[in-house]
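Residue-level structure breakdown
Here are the chains, one letter per residue:
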Amino acid sequence: MIGRKTLAYYLGTKHSLTLLQANYVLSYLGLILNAVLGYLPWLVLLSLLTVKSDYQLVQGFVKAPDKVTTFPRNVLLFHKIVGLEVILGLLGLLL
């Protein structure tokens, strides 16, 4: 063991889960802000349709923060969000 520690180790479980939730909220707010300011095409706002499912997955992880069972779902969630935003952003640039 090298002795490296994660941010969650230093913050503790409660603060780490709060940070996780804040990151999701800020990512959606950043998406909206960038579309309003014209940095991203308006079409990327369709990715806001994922808010409900993302919220449910994050809350599931917050209730049972176990890396083995719930964390892989959050990784898939992240890839879903980023993939959808990239696809919609490219479509918006083409249209």
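Note that the structure is a prediction, hence the values are computed from the model and not measured.

Let us now look at the overall build of the chain. Per the secondary structure count, the chain includes four helices and zero strands. Secondary structure of the chain in N-to-C order comes out as α-α-α-α. For 95 residues, the compact-globule formula gives about 12 Å, and the C-alpha radius of gyration of the chain, at 16 Å, lies well above that figure. Across its three principal axes, the chain shows a C-alpha extent of roughly 50 × 25 × 25 Å. Put simply, the chain has 95 residues, and 22% of those count as buried.

Turning to the environment of Ile2, a few remarks are in order. Examined against the element boundaries, Ile2 turns out to sit in the segment before helix H1 (7-11). Taking the relative accessible area as the measure of exposure, Ile2 reaches 71% and is therefore exposed. Distance from Ile2 to Tyr55, taken between C-alpha atoms, is 35 Å for residues 53 residues apart in sequence.

Turning our attention to the packing of aromatic side chains. For any pair of aromatic rings, geometry is given as the distance between the ring centres together with the angle between the planes. For the coordinates displayed, the defined rule picks out one aromatic pair. Measuring from centroid to centroid gives 5.3 Å for Tyr9 and Tyr10, while their planes differ by 85 degrees, and the two rings are edge-to-face. Since its relative accessible area comes to 52%, Tyr9 is described here as exposed. The class of Tyr10 is exposed, set by a relative accessible area of 59%. Between the NZ or CZ atom of Lys5 and the centre of the ring of Tyr9, over which it lies, the distance is 5.2 Å.

Quick notes on the rules
Residues numbered from 1 in each chain as written. Predicted model: local features only at pLDDT ≥ 70, side-chain atom pairs only at ≥ 80, totals over all residues. Heavy atoms only, no water. Helix = DSSP H or I, 4+ residues; strand = E, 2+ residues; numbered from the N terminus. Rg over C-alpha atoms; globule rule 2.2 N^0.38 Å. Buried < 20%, exposed > 50% of the residue type's maximum accessible area, 1.4 Å probe, protein only. Phe/Tyr/Trp six-rings, centres within 6.5 Å; stacked < 30°, edge-to-face > 60°. Lys NZ or Arg CZ within 6 Å of the ring centre and 35° of its normal.

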